[in-house]
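A look at the structure
For reference, the chains in residue letters:
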Amino acid sequence: MFNNISLQSLFFVVAATILAAPANAQADGVIAPDKLPHRTALCETAKNPVACFLLARHYKVAANVDGNNDRKRREYMDMACALPVAPSSRMESDKAIVAYSCRLAGVLNMNGVGGPKNLARSVEQFRTGCSMADKTACTFLAESYEQGRGVSQNSEKAKELYGEACNSDLPIGCYKAARMDFIPMLRAASQALGQRGKVTAAPKYVDARNRSKIACENAWTAQAESCWYYGAYQQYAISGPKNETGALQAFRKGCTLKSDNACHSAALALLADTADTRNKSEAKRLLKSSCGRKHKVSCDRLAKLN
């Protein structure tokens, strides 16, 4: 199973070895002018999907002489995704490149780069990439199902795909799977009262707690909110034991990473009368940081302390 790093690094391996790219062409993806006709023939005539991928990369970074680079980039990436991989000793590497191509082609079609948006095509390209083990393509496919973007909305299918990505150690999948259960979890917890045990035992919240933990522990763009999620699961003893110390640690980490919700939750934990870690001065500092980013709930709470 291929991870994101191997998929991207394989581009350079294929460029250097399979298609014998010259030394000056290249980490940035530009194909030398004297080699461009040969690469084009490999793609268009020989139907080599890796050659099409390299051409798409070329038109992403090459000088846009005729103003058609985005159109060419999308056309070649579409071809790279659609062409079959020929049996060879490089078959697994080529499959990884094609899977990556499908993900990139899906993004181009989804965003309307190089032509009108084609959401239905983007869904099929994400689906192809996902089926070929590009788990980031799976998260794009999940987003499509979650948002009803080019396909009928299906939240359960979205969560299943996010979960598959998470199980393959992709933090964004963990975050998005956990996010889909987080607000329902808070609502259920607040309404449970004497039935809290039913919420605690719900398998989907057990998964969500574990996934929020994984996402919080990995550095990436939504890590801050993931730490807020994980702190809440511990604070409210949902799908696991209550752990006020662990909750505060998660909230502090999320706050450091500029999650306003995490800052607010950490401050509340520090202001609790029963907390061993009660610290009003730190609570005020955290509320000031999130209030400074226009987080209204933090500003309101800070006003009550002053």
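Heads up: the structure comes first, above all this text.
A brief look at the structure comes next. These numbers come from a predicted model, not from an experiment.

Parameters at a glance
Residues numbered from 1 in each chain as written. Predicted model: local features only at pLDDT ≥ 70, side-chain atom pairs only at ≥ 80, totals over all residues. Heavy atoms only, no water. Core = buried A, V, L, I, M, F, W, Y, C linked by side-chain atoms within 4.5 Å. Buried < 20%, exposed > 50% of the residue type's maximum accessible area, 1.4 Å probe, protein only. Helix = DSSP H or I, 4+ residues; strand = E, 2+ residues; numbered from the N terminus. Contact = heavy atoms within 4.5 Å. Disulfide = S-S within 2.5 Å. Axes fitted to C-alpha atoms, helices over the stretch in contact; angles between N-to-C directions. Parallel < 35°, antiparallel > 145°, perpendicular 65-115°, else oblique. Left-handed = near helix turned anticlockwise from the far one by under 90°.

Let's talk about the nonpolar core
- Counting residues in each nonpolar core, the largest one holds 31 residues, and the members touching the most others are Phe 182, Met 185, Trp 228, Tyr 229 and Tyr 233.
- Listing elements by their share of this core, those giving two or more residues are helix H9 (171-192), helix H11 (203-217), helix H12 (223-235), helix H13 (244-256), helix H14 (260-271), helix H15 (280-291) and helix H16 (296-305).
- Tallying contributions element by element places H14 first for this core, with 7 residues.
- Excluding its chain neighbours within four sequence positions, the residues that come into contact with Tyr 233 are Asp 181, Phe 182, Met 185, Tyr 205, Ala 208, Arg 209, Ser 212 and Ile 238.
- Counting residues in each nonpolar core, the second largest holds 24 residues, with Leu 36, Val 50, Tyr 76 and Leu 108 among its members.

Structural notes on the state of the cysteines
- Overall, the coordinates contain 7 disulfides when judged by the stated rule.
- Each disulfide pairs two cysteine sulfurs, and for Cys 43 the partner residue is Cys 52, the sulfurs being separated by 2.0 Å. Measuring handedness by torsion sign, the sulfur bridge of Cys 43 and Cys 52 sits at about 95° and is right-handed.
- Taking the relative accessible area as the measure of exposure, Cys 43 reaches 0% and is therefore buried.

Things to note about the packing of helix H6 (residues 119-131) against helix H7 (residues 135-147)
- For the pair H6 and H7, the least separation of the axes is 8 Å and the interaxial angle reads 140°. It follows from the interaxial angle that H6 and H7 lie oblique. In this structure, the crossing between H6 and H7 has a hand that is left-handed. The residues of H7 that touch H6, namely those facing Val 123, Phe 126, Arg 127, Gly 129 and Cys 130, are Ala 137, Cys 138, Phe 140, Leu 141, Ser 144 and Tyr 145.

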